[in-house]
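Given next are the chains, with one letter for each unit.
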Amino acid sequence: MKHWDGIEAFVEVVRQGSFSAAAEKLHVSASHISRLVSQLEKRLDATLLFRTTRSIRLSEAGSLYYQQCSQLLDSIDSAEEMVTSLNQSPVGHLRISCATTFGERFIAPRVNDFLINHPKIQLDLHLTNREVDLIDEGYDLAIRLGTLKSSSLLARRLCDRVEYVCASAHYIARFGMPHTLSELSKHKCLQGSKDVWTFMQDKQKREVKIHGNWRSNSGPALLDATLKGLGIAQLPDYYVAPYIASGELIPILSQYQYPYTGVWLVYPKARQQSPKLKLLCDHLIGSFRSEHSVITSN
């Protein structure tokens, strides 16, 4: 059993970013965590962590060891969970990441409904527009928007998502309406978290780099700037659908709208067999399907 000594402490220090945070998570003292990690390094005859008074940093050996051990601990957690779930309701911790606005409007209420039926689950819903590293940062699940990047993570489609290029009637009256993708370069384009917009042209994906004097990583701020006529924006349906319906915003370049996008549940392979994670994913997918998978209906 000596081979297990210190591994959980080491993995948690990396995931939490400090010895004190890891100690709080594992309900022990920081000195105990430090002692376990030091003993582990001595047994391995390798430095795993470079420590300063303000931060920790993985060594090359530590990075390799962490990658293997974190997956191992996740697999053990899943195995224990599957066994205990045979005779009792799901228990344990779920750590979830989601984009801020989408999480506030669509995920948090559904997760809260889930917890009403599964009160033994401890939930950490982290809302951020930063794309987290699920494995390195210890997340069980991420809800990601748009087109997924190629990775070793597993994914299930949660619902559809359509992005609209649009502008206010006031902006179009002043500056005119672009009819081709090349005409975007002559307009004020409001930039969100990315400086390229995705389109479909001649049955091929086309990315257009946009330019303008306004930029923000906030969807609501981008929507407000569009409504006030500051420029053209590309925003998902759950932001703009009511304003398109009312005529406050006018869709532009609809013939180039990119169809292959969505909202995705993404999780590490090690968590694939987790009963509580599967229950949550099934609940989220079912709740969206019951509303016809159209998030604009909210």
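So, here's what we can say about the structure. (Residues numbered from 1 in each chain as written. Predicted model: local features only at pLDDT ≥ 70, side-chain atom pairs only at ≥ 80, totals over all residues. Heavy atoms only, no water.)

Across its full length, the chain holds 9 helices and 12 strands. In terms of overall dimensions, the chain has C-alpha extents of about 75 × 45 × 35 Å along its principal axes. Scored against the burial criterion, the 298 residues of the chain give a buried share of 41%. Long-range pairs, those at least 24 residues apart, make up 71% of the contacts in the chain with a sequence separation of at least 6. Surface exposure of the chain reaches about 16100 Å², of which carbon and sulfur atoms provide 50%. A gap of 3 Å separates the mean positions of the 34 positive and 30 negative side-chain charges of the chain. (Helix = DSSP H or I, 4+ residues; strand = E, 2+ residues; numbered from the N terminus. Buried < 20%, exposed > 50% of the residue type's maximum accessible area, 1.4 Å probe, protein only. Contact = heavy atoms within 4.5 Å. Areas by Shrake-Rupley, 256 points an atom, 1.4 Å probe, with all protein chains shown as cover. Lys, Arg positive; Asp, Glu negative; His and termini not counted. Charge placed at Lys NZ, Arg CZ, Asp CG, Glu CD.)

Residue pairs spaced three or four apart in an α-helix point in one direction, given the helix's 3.6 residues per turn. The set of residues buried in helix H2 (residues 19-26) consists of Phe19, Ala22 and Ala23. Within H2, the buried residues cover an arc of 100° as seen down the axis, which keeps them to one side. Phi turns positive, to about 60°, at His27, one or two residues after H2. (Arc of directions from axis to C-beta.)

This brings us to the state of the cysteines. Scanning the entire structure with this criterion turns up 0 disulfides. Cysteine Cys166 remains unbridged, with the sulfur of Cys189 as its closest cysteine sulfur at 12 Å. When its relative accessible area of 0% is taken as the criterion, Cys166 is described as buried. Cys98 provides the cysteine sulfur closest to Cys281, a residue in no disulfide bond, and the two sulfurs are 12 Å apart. (Disulfide = S-S within 2.5 Å.)

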